[in-house]
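The chain contents come next:
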Amino acid sequence: MLSIAQKYFDLGFNVVPCKYQDKIPVVRWKQYVTQRQTLSELQRIFSSVDKCNFAVVLGEHPYHVVVVDIDSTDQFSVLKKKGFTTKTWIAKTARGYHFYYKTSGVVPSCRLAEGVDLKGYSSIVLVAPSVHPSGVKYKWIHSPKDFPLADAPSVITELKKEKNQVADIVNKIPRNGERNVTLAKFLGLIARYNVSPDELLEIAMAWNGRLEDPLPEQEIRKTVFSIWNREMQQRQKVYYIL
């Protein structure tokens with residue numbers, strides 16, 4: 001177990017064990033989003049595990065990495081049209097493929113298109129030779145020995161800009177006449193990241209609670225309902241980020 005984990009550690013990744021034939025980590029891992037795991041930590045963690053799956057942490061180390069998760073080869077054409085190269089690390093999963101790319105900064109997880117998900121900052125991803133709950137083993141199609149890690153295309157950079165927009169809205173307290181417009185813009189950005197209506201309402205209420213003169217709860221609920229309905233209409237048109 002340790003020898004396999006160390007191969008990923010040597011690539012610069014922080015590595016954690018998951019339950020065998022599962023995606024559930026068996027150790028705390030959030031600290032490894034920002035902290036570099038030490039070799040002694042890796043040895044201690046994996047020396048106590050008899051049989052496990054292997055996951056790499058997507059965070060600050062070895063650099064910002066995102067993984068595009070597609071369900072089948074049908075999505076290849078979608079990716080290529082948007083500038084995603086196949087000359088990068090690619091792993092075969094139970095149902096599809098994982099494409100690995102590096103970025104210049106933090107990119108959030110989100111749904112890119114129908115059957116195409118982006119695993120971004122503060123996520124974990126199973127790697128070979130892990131075993132999917134279905135019994136299918138993960139394996140490399142293009143391993144780190146075959147290709148260098150490719151840069152993510154510009155569409156991913158745009159996601160980084162959107163994240164910065166969200167941060168700007170969160171950090172800026174709007175004047176009374178700007179509250180509704182700011183809230184709608186904020187929720188419109190958040191709704192694209194595959195959140196539920198309850199989560200959207202919770203985020204809106206937390207944002208509203210920071211205002212010196214909060215909006216009435218009924219108005220918050222009305223705005224959330226409107227934004228969520230608009231997002232559902234867009235998704236029915238198969239409108240995603242790609």
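Residues numbered from 1 in each chain as written. Predicted model: local features only at pLDDT ≥ 70, side-chain atom pairs only at ≥ 80, totals over all residues. Heavy atoms only, no water.

When helices and strands are tallied, the protein shows 7 helices and 10 strands. The contacts of the protein with a sequence gap of at least 6 include a subset with a gap of at least 24, amounting to 75%. When the accessible surface of the protein is totalled, it reaches about 12700 Å², and 50% of it is carbon and sulfur. (Helix = DSSP H or I, 4+ residues; strand = E, 2+ residues; numbered from the N terminus. Contact = heavy atoms within 4.5 Å. Areas by Shrake-Rupley, 256 points an atom, 1.4 Å probe, with all protein chains shown as cover.)

What follows concerns the packing of aromatic side chains. As enumerated under the stated definition, the model contains 6 aromatic pairs in all. Measuring from centroid to centroid gives 5.8 Å for Phe-46 and Phe-54, while their planes differ by 10°, and the two rings are stacked. Each member of the pair, Phe-46 as well as Phe-54, carries the same accessibility label: buried. Through pairs of rings, three or more aromatic residues link up here, namely Phe-13, Trp-89, Tyr-100 and Trp-140. (Phe/Tyr/Trp six-rings, centres within 6.5 Å; stacked < 30°, edge-to-face > 60°. Buried < 20%, exposed > 50% of the residue type's maximum accessible area, 1.4 Å probe, protein only.)

A few words now on helix H5 (residues 179-190). End to end, H5 covers 16 Å across 12 residues, agreeing with the expected 16 Å (1.5 Å per residue, within 8%). Taken residue by residue, H5 has Arg-179, Thr-182, Leu-183, Phe-186, Leu-187, Gly-188, Leu-189 and Ile-190 as its buried positions. (Expected span 1.5 Å × (residues − 1).)

Moving on, we get to unusual backbone geometry. The omega torsion across Ala-128 and Pro-129 is 5°, close enough to zero to call that bond cis. Looking at where Pro-129 falls in the secondary structure, it is placed in the loop between strand E8 (123-127) and strand E9 (139-142). Despite not being glycine, Gln-21 shows a phi value in the positive range, around 60°. Along the chain, Gln-21 falls in the loop between strand E1 (15-18) and helix H2 (39-47). Phi at Ser-122 is positive, roughly 70°, even though this residue is not glycine.

Within the fold, Leu-39 resides in helix H2. For Leu-39, a relative accessible area of 35% puts it in the partly exposed group. For the pair formed by Leu-39 and Asp-10, sequence separation is 29 residues and the distance between their alpha carbons is 9.4 Å. Contacts of Leu-39, omitting those with residues within four sequence positions, involve Gln-6 and Phe-9.

Further remarks concern the nonpolar core. Of all hydrophobic cores here, the largest spans 30 residues; its most connected members are Val-15, Phe-46, Val-56 and Tyr-100. When contributions to this core are tallied by element, the ones reaching two or more residues are helix H1 (2-10), E1, H2, strand E2 (53-58), strand E3 (65-70) and E8. The element that contributes the greatest number of residues to this core is E2, accounting for 5 residues. What Phe-46 contacts, discounting residues up to four positions off in sequence, is Met-1, Leu-2, Ala-5, Val-15, Val-16, Pro-17, Cys-52 and Phe-54. Grouped together as the second largest cluster of nonpolar side chains are 19 residues, Val-68, Tyr-101, Cys-110 and Leu-112 included. (Core = buried A, V, L, I, M, F, W, Y, C linked by side-chain atoms within 4.5 Å.)

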